[in-house]
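Descriptive structure summary
What follows is the residue order along each chain.
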Amino acid sequence: MKYIDLKKLSETQFKRYTGISFSTFDLMVEQLKIHVPTKGRPPKLSVEDQVLLCLSYWREYRTLFHVATSYGVSEPTASRIVRHVEDCLIKSNLFNLPKNLPEGEGIDWNVVIVDATEIPIQRPKKTEEKL
């Protein structure tokens, strides 16, 4: 689903679909627009759609192949978009976890972070000819 279609949703529906509010989404788009390359080929997807592609990859835990197919781009392009969006959002320092987590009686922080990012693996090419 493209951003142009999602703009018609209510705040609650948008949050159910993406996992974030419109204001957070707008902040993400704003941070990504700061890092738009000025040279080279223009991107096939708008900045808003790039953020949505990344959010759908994170939220729905679909493979890059499925996400890429939904947005009409190749799998390597989807991977580059996800990495670019992640890099821009991390560099902004607006979406990182707080450094000073609250402590006290009744607060027990047990956090498990699982990195399930798809990593492309280079396979060796077959060089021997079959007889």
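Residues numbered from 1 in each chain as written. Predicted model: local features only at pLDDT ≥ 70, side-chain atom pairs only at ≥ 80, totals over all residues. Heavy atoms only, no water.

Within the largest apolar cluster, 28 residues are counted, with the highest numbers of intra-cluster contacts made by Phe25, Val51 and Leu53. Broken down by secondary-structure element, the contributors of at least two residues to this core are α1 (3–6), α3 (22–34), α4 (47–60), α5 (64–71) and α6 (75–92). Counting residues per element, this core draws most heavily on α4, at seven residues. When near neighbours in sequence (up to four residues on either side) are disregarded, Phe25 contacts Tyr3, Phe14, Ile20, Glu48, Val51, Leu52 and Leu55. (Core = buried A, V, L, I, M, F, W, Y, C linked by side-chain atoms within 4.5 Å. Buried < 20%, exposed > 50% of the residue type's maximum accessible area, 1.4 Å probe, protein only. Helix = DSSP H or I, 4+ residues; strand = E, 2+ residues; numbered from the N terminus. Contact = heavy atoms within 4.5 Å.)

Here we take up the layout of surface pockets. Counted as a void, the second largest pocket has a volume near 440 Å³. Forming the boundary of the second largest pocket are 15 residues, of which Pro43, Lys44, Gln50, Thr77 and Ile81 lie nearest the centre. Every element with two or more residues in the lining of the second largest pocket is listed here: α4 and α6. Split by residue class, the lining of the second largest pocket holds nine nonpolar, three polar and three charged. (1 Å grid on protein atoms, 1.4 Å probe; cavity = no way out; pocket = protein on both sides within 12 Å on 5 of 7 lines; lining within 4 Å. Points joined across faces, edges and corners; volume = space filled by probe spheres on them. Nonpolar A, V, L, I, M, F, W, Y, C, P; charged D, E, K, R; others polar.)

The next point concerns the confidence of the model for the protein chain. When pLDDT is averaged along the protein chain, the result is 83, and 88% of the positions lie at 70 or above. Across the protein chain, the secondary-structure element scoring lowest on mean pLDDT is α1, at 80, and the one scoring highest is α5, at 93. (pLDDT = per-residue confidence, 0-100.)

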